[in-house]
Amino acid sequence: MDTRTVKVKPETRNHKGFFVRDTDYELVEIEQSGWALICIDEATCHYVDPDNIRNQDASLGTME
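Residues numbered from 1 in each chain as written. Predicted model: local features only at pLDDT ≥ 70, side-chain atom pairs only at ≥ 80, totals over all residues. Heavy atoms only, no water.

Draft legend 1. Broad picture of the nonpolar core. Grouped together as the largest cluster of nonpolar side chains are 9 residues: V6, V8, V20, Y25, L27, A36, I38, V48 and I53. Only strand 1 (4-8), strand 2 (25-30) and strand 3 (36-41) provide two or more residues apiece to this core. (Core = buried A, V, L, I, M, F, W, Y, C linked by side-chain atoms within 4.5 Å. Buried < 20%, exposed > 50% of the residue type's maximum accessible area, 1.4 Å probe, protein only. Helix = DSSP H or I, 4+ residues; strand = E, 2+ residues; numbered from the N terminus.)

This is how it looks when you write it as C-alpha cells:
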C-alpha cells in the first residue's frame, strides 16, 4: 500500500489510551482489526481509530 501523509484530530489516543502528538504522520495501513497504523518514522508508530485521522489537506473526516 502506498503511504500518505495524514494528521490526527486533537486529543487522539492510541490503542493503549495514550495521547498521540499532533504532527504529520504517514498512514501505513488500516488493519483488519480496525486500527489504523500511522508512523512518524521507522521507530515511532501508533495504532489509532481511523475516524481520528484526516488527509493533510482535507477537512476532518474519515479516510477514503
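Here the narrative resumes.
Draft legend 2. Highlighting the pattern of salt bridges. Tallying each qualifying case throughout the model produces 1 salt bridge. Put simply, D24 and K7 hold a salt bridge, and the shortest N to O gap is 2.9 Å. One end of the pair, D24, is in the loop between strand 1 and strand 2; the other, K7, is in strand 1, and 17 residues separate them in sequence. The class of D24 is partly exposed, set by a relative accessible area of 32%. (Salt bridge = Lys/Arg side-chain N within 4 Å of Asp/Glu carboxyl O.)

Draft legend 3. The packing of aromatic side chains, seen in detail. One pass over the structure, following the stated rule, counts 0 aromatic pairs. Taking NZ or CZ as reference, R13 lies 3.9 Å from the ring centre of F19, over its face. (Phe/Tyr/Trp six-rings, centres within 6.5 Å; stacked < 30°, edge-to-face > 60°. Lys NZ or Arg CZ within 6 Å of the ring centre and 35° of its normal.)

Draft legend 4. Spatial organisation of the pairing of strand 2. The pairing of strand 1 with strand 2 spans 3 bridges and is antiparallel. Across the sheet, T5 pairs through a bridge with E26, a residue of strand 2. Note: strand 2 against strand 3, 4 bridges, orientation antiparallel. From the neighbouring strand, E29 faces strand 3, where its bridge partner is L37. Linking strand 2 back to strand 3 in an antiparallel pair, the connection comprises 5 residues, with G34 at a positive phi of about 105°. (Pairing = 2+ DSSP bridges.)

Interpretation in functional terms is not warranted from these geometric data alone.
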